[in-house]
Amino acid sequence: MSDILHQQRLLLELLVKSGDIGVPDNDDGSLLYRTLQECLDAGWITMGPFGAGVNVVKITAAGRSVIKDRRSTGQGYGGQDRRRNNLG
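All values reported here derive from a predicted model rather than from experimental measurement.

Chemist: Give me the lowdown on the pairing of strand β2 (residues 45-51), citing residues and values where you can.
Modeler: Sheet analysis places β2 next to strand β3 (residues 54-59), joined by six bridges and oriented antiparallel. By the bridge assignment, Met47 is partnered in β3 with Val57. Between β2 and the antiparallel strand that follows it, β3, lie two residues; Gly53 among them carries a positive phi value of about 80 degrees.

In structure tokens:
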């Protein structure tokens, strides 16, 4: 399994929580598009046309797997875990 960057993990977590998202179909060179391309190249997401000027982004089983694996091992983040279910 390849190493996942924080912004890639954030994108994948967003897709798990919110479902498919729409993004403009023109690459403006932003961090979002760079991250989308990295995740697409890794096979963690799919992206295709949705409508006029919009692409739909969907998470794949491999994308779900990569963040699920990291959740269970606690890898990828050395700081205090501040997720809501751990605030207790």
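Chemist: Quick rundown of the nonpolar core? Include the residues and the values.
Modeler: Core analysis: the biggest nonpolar cluster contains 15 residues, and Leu12, Leu15, Leu36, Ile45 and Val57 have the highest contact counts within it. Listed by contribution, the elements that provide at least two residues to this core are α1 (6-18), β1 (21-24), α2 (31-42), β3 and α3 (61-73). Setting aside residues no more than four positions away along its own chain, Ile45 makes contact with Leu12, Leu15, Leu36, Cys39, Leu40, Val57, Lys58, Ile59 and Thr60.

Chemist: Tell me what's going on with the pairing of β3, and back it up with residues and numbers.
Modeler: Two elements, β1 and β3, share four bridges in a ladder whose sense is antiparallel. Within β3, the position partnered with Ile21 by the bridge is Val57.

Chemist: Let's hear about the pattern of salt bridges: which residues, and what values?
Modeler: Summed over all chains, the structure comprises one salt bridge. Between Glu13 and Arg9 there is a salt bridge, with its nearest N and O atoms 3.6 Å apart. Linking Glu13 with Arg9, this pair stays in helix α1, spanning four residues, or about one helical turn. Residue Glu13 is classed as buried on the basis of its relative accessible area, which comes to 15%.

Chemist: Describe the environment of Gly22, listing the residues and the values that go with them.
Modeler: Mapped onto the fold, Gly22 is located in strand β1. Every residue in contact with Gly22, bar those within four places of it in the chain, is listed here: Val54 and Asn55.

Chemist: Could you give an account of the environment of Leu12, naming the residues involved and the relevant values?
Modeler: Within the secondary structure layout, Leu12 lies in helix α1. For Leu12 and Thr60, which are 48 residues apart along the polypeptide, the C-alpha to C-alpha distance reads 9.4 Å. Discounting residues that sit within four places of it in the chain, Leu12 has contacts with Ile4, Cys39, Trp44, Ile45, Ile59, Gly63, Val66 and Ile67.

Chemist: Requested: an account of the side chain of Gln8, with residues and values cited.
Modeler: Tracing the backbone through its elements, the reader meets Gln8 in helix α1. Gln8 gets classed as buried once you look at its relative accessible area, which sits at 6%. If we ignore the near neighbours within four places in the chain, the residues touching Gln8 are Asp3, Thr35, Glu38, Cys39 and Trp44.

Chemist: So what about the sheet that holds β1? Which residues, and what values?
Modeler: The three strands lie next to each other as β1-β3-β2, forming an open sheet whose pairing is antiparallel. Looking at the sheet topology across the chains shown, the edges are occupied by β1 and β2. Taking each pair of neighbouring strands and ignoring which way they run, the sheet shows an average axis angle of 35 degrees. In this fold α1 packs onto β1, β2 and β3, with an angle of close to 90 degrees to the strand it touches most, β3. Strand contacts of α2: β1, β2 and β3, with the helix running at about 120 degrees to β2, the strand carrying the most contacts.

Procedures and definitions
Residues numbered from 1 in each chain as written. Predicted model: local features only at pLDDT ≥ 70, side-chain atom pairs only at ≥ 80, totals over all residues. Heavy atoms only, no water. Pairing = 2+ DSSP bridges. Helix = DSSP H or I, 4+ residues; strand = E, 2+ residues; numbered from the N terminus. Core = buried A, V, L, I, M, F, W, Y, C linked by side-chain atoms within 4.5 Å. Buried < 20%, exposed > 50% of the residue type's maximum accessible area, 1.4 Å probe, protein only. Contact = heavy atoms within 4.5 Å. Salt bridge = Lys/Arg side-chain N within 4 Å of Asp/Glu carboxyl O. Axes fitted to C-alpha atoms, helices over the stretch in contact; angles between N-to-C directions.

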